[in-house]
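Okay, here's what each chain looks like letter by letter:
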Amino acid sequence: MIWTRLALDPVAADGLGGMPATSYQVSWQVATNERFADVVRAGAFTADPSAAHSVHVEVGGLRPGREYFYRFRTGQHLSRAGRALTTPAHGADVAALTMGVVSCSNFPAGYFTAYRRLAEDRPDLVLHLGDYQYEGGGNGTGRQHIGPETTTLAGYRQRHGQYKSDRDLQEAHAVAPWLAVWDDHEVDNNYAGDVPERVTEQPGFLARRAAAYRAYYENMPLRRTSVPRGPDLALYRRVAWGGLATFHMLDTRQYRSDQACGDGYKDCVDAADPARSLPGSAQEEWLLDGFRRSEARWDVLGQQVFFGRRDNDPGAATTVSMDAWDGYPASRQRITRGWVDAGVRNPVVLTGDVHAHWGADLRLEPGNLESPVVGSEFITSSITSGGNGYDKPDGLHPWAAWNPDLRFWTNLRGYLLTTVTPAAMTTDYRCVPVVTTPDAAAFTRATYVVEDEVPGLQEVAANPRRTRSAPPSDEQIIADTIKAES
Ligand SMILES: [Fe+2]
């Protein structure tokens, strides 16, 4: 699936990219080398104003497990080349896969340096776990969103145009194929299904969601199976990387039960109602079915919100995020139980949303040290959301004192660089010390590994950094954590 969009003025207020209201022929080429000396596939696509001149081409006839390069031409305009890898053949042995895992790129919060550093690491695949863009109006530290809060098709299209104009983000798109799923900010903060953040916005919310979904489809490398129909877009999907890994890419926004007890961090009995679901019952069934049929060495859940338990209350009460899996414990239990019952060899959850790097062990009964570890979770920080962060030398969040499943944390911006082999999944927590100025160097704050058939994280290396701001008190860290997620 190769993607581009024609735009003479990507941030035009009408969202149409400064393009005349006419169709254009776009030719495309796929080659085995960057100089296009050996073009193996070529064709043409009609870019239509009704789709904001976006171009989505599903290229057939390529060999599995190979590197290719692609580019587009229309009239005098020739695009840069993008690099792509085809998935390995069904069940094929794969020695290694290196992937970047990213989320939460808020333009006004800072420079997208982490995207550029990820591109320099040259991954085979990029997983974007949501909050690709943010819906709010201007007001940043040096960088501003153009236009007010996005609520219309023109507004969402213009916003995508602004993000796609960012040079650092362009590098990340060009270096590798992307598997992208959204979170909330592509539409509206903390929305759930057809329920917006603010009740007063309820009338008309589905029209807003339809506009956001349509612009998302137009601007992301999605297949025709994801063409939106009104306020609905089929986003969750499975992608196999040979016999090495199966990616179950989840959509935890479109079908979820509304957050219990009015959202936020709560001690909430209603949250445990087994009728409630985070993925929605159809997606939950689809996921459980995927576990039962899996033959992969690694089963990876690419999704949005924190899967493990994070209890904010050191005492007997349980105060957890109603927006994350903690707010849907029965749904989480069905999934954890599902992979245990299906004998899934190595379940690993990849997560975004929380604007900090975390690592967690997943137990059948979260937080109970008597209960076996049955899976692992790597959580990526934001590209920029939250602005410049801070590090804490011991790499532990204050919550780890009474949440023993929480194994690693740092409040710095960055991405995960994860290498998967048949023997192990190794994650480098890549960080940039600053995002309010451009071009910071990246460094690896810590490395954790999950070994084949040994669920849970093992520390390989730790590299704490003195950052501009020293870590604040535990109380302040907890306040910052909750604020970043609200
Ligand atoms: Fe976010």
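Residues numbered from 1 in each chain as written. Predicted model: local features only at pLDDT ≥ 70, side-chain atom pairs only at ≥ 80, totals over all residues. Heavy atoms only, no water.

Description of the pattern of salt bridges
Pairing between side chains becomes possible if they bear opposite charge and their charged atoms approach one another. The criterion, for reference: Take a side-chain nitrogen of Lys or Arg and a carboxyl oxygen of Asp or Glu: if they are within 4 Å of each other, that pair is a salt bridge. Strands here mean DSSP runs of E at least two residues long; helices mean DSSP runs of H or I at least four residues long; both are numbered from the N terminus. Categorising residues by exposure relies on relative accessible area from a 1.4 Å probe, with only protein chains included: less than 20% of the type maximum marks a residue as buried, more than 50% marks it as exposed, and the intermediate range marks it as partly exposed.
Considering all chains together, one arrives at 35 salt bridges under this definition. Between Arg157 and Glu218 there is a salt bridge, with its nearest N and O atoms 2.7 Å apart. One end of the pair, Arg157, is in helix H2 (residues 153-164); the other, Glu218, is in helix H4 (residues 205-219), with 61 residues separating them in the sequence. As far as the burial class goes, Arg157 and Glu218 line up, both buried. The salt bridge involving Arg208 is made with Glu201; its shortest N-O contact spans 3.7 Å. Each of Glu149, Asp188, Glu197, Arg198, Glu201 and Arg208 takes part in a single network of salt bridges with overlapping partners.

Considering the packing of aromatic side chains
So the rule is basically this: Put simply, two rings from Phe, Tyr or Trp (the six-membered ring, in Trp's case) pair if the centres are within 6.5 Å, and we call them stacked under 30 degrees between planes, edge-to-face over 60, tilted for the rest. Cation placement over rings: the criterion is NZ of Lys or CZ of Arg within 6 Å of the ring centroid and within 35° of the ring normal.
Summed over the entire model, instances satisfying the criterion amount to 24 aromatic pairs. A centroid spacing of 5.8 Å and a plane angle of 40° characterise the contact between Tyr265 and Trp399, whose relative ring orientation is tilted. Of this pair, Tyr265 sits in strand E13 (residues 265-266) while Trp399 sits in the loop between strand E18 (373-379) and strand E19 (406-410); the two residues are 134 residues apart in sequence, bridging distant segments of the chain. Per residue, the accessibility class of Tyr265 equals that of Trp399, and both read buried. In textbook terms, an aromatic cluster arises when at least three aromatic residues are bridged by ring pairs, as seen for Phe107, Phe112, Tyr115, Tyr132, Tyr163 and Trp178. Here the guanidinium or amino end of Arg143 rests over the ring plane of Phe112, the centre of that ring lying 4.9 Å away. The positively charged end of Arg310 is found above the aromatic ring belonging to Phe306, 4.1 Å away from the centroid.

Some thoughts on empty space enclosed by the protein
Gaps left between atoms are located by rolling a probe of water-molecule size over the structure's atoms. We apply this condition: Buriedness of a pocket was judged along seven lines, with at least five required to meet protein on both sides within 12 Å; pockets are open sets of points on a 1 Å grid over the protein atoms alone, cavities are sets where a 1.4 Å probe fits but cannot get out, and lining residues have an atom within 4 Å of a point. Grid points are joined across faces, edges and corners, and a volume is the space filled by probe spheres set on the points. Basically, the charged four are Asp, Glu, Lys and Arg, the nonpolar ten are Ala, Val, Leu, Ile, Met, Phe, Trp, Tyr, Cys and Pro, and anything else, Gly included, counts as polar.
Across all of its chains, the model carries 2 cavities of 30 Å³ or more by this definition. Lining the largest cavity we find Phe307, Gly308, Arg309, Arg332, Thr336, Asp361, Leu362, Arg363, Pro366 and Asp405. Counting residues per element, the lining of the largest cavity draws most heavily on strand E17 (residues 357-363), at 3 residues. Looking at the lining of the largest cavity residue by residue, the classes come out as 3 nonpolar, 2 polar and 5 charged. Its volume calculated, the second largest cavity comes out at about 30 Å³. Taken together, Ser321, Asp323, Ala324, Asp353 and Glu485 make up the full set of residues lining the second largest cavity. By residue class, the composition of the lining of the second largest cavity is 1 nonpolar, 1 polar and 3 charged.

Considerations on the domain arrangement of the protein chain
We apply this condition: Domain limits in this description derive from either an automatic procedure or a database domain assignment. Should any heavy atoms of two residues lie within 4.5 Å, those residues are counted as being in contact. Throughout, buried area stands for the accessible area (probe radius 1.4 Å) lost by two parts on being put together, summed over both. Here a polar contact is taken to be a pair of N or O atoms separated by no more than 3.5 Å, where protein atoms must pair a possible hydrogen donor with a possible acceptor and residues adjacent in sequence count only if both atoms sit in side chains.
Segmentation of the protein chain into domains returns domain 1 (1-86) and domain 2 (89-484). The C-alpha-based centres of domain 1 and domain 2 are spaced at 29 Å. In this complex, domain 1 contributes 28 residues to the contact, which on the side of domain 2 involves 29 residues. Across the domain 1 to domain 2 interface the summed buried area is about 2,200 Å²; carbon plus sulfur atoms make up 48%. Across the pair Arg83 and Asp124 runs a salt bridge, and its minimum N-O distance is 3.8 Å. The tally of links from domain 1 across to domain 2 stands at 13 residue pairs in polar contact (both at pLDDT 80 or more). Residue assignment for the side of domain 1 that touches domain 2 shows that the elements contributing at least two residues are strand E1 (2-5), strand E4 (54-57), strand E5 (67-74) and strand E7 (82-85). Of the residues forming the side of domain 1 that touches domain 2, the biggest block, 4 residues, is contributed by E7. Residues of the side of domain 1 that touches domain 2, tallied by class, amount to 16 nonpolar, 6 polar and 6 charged.

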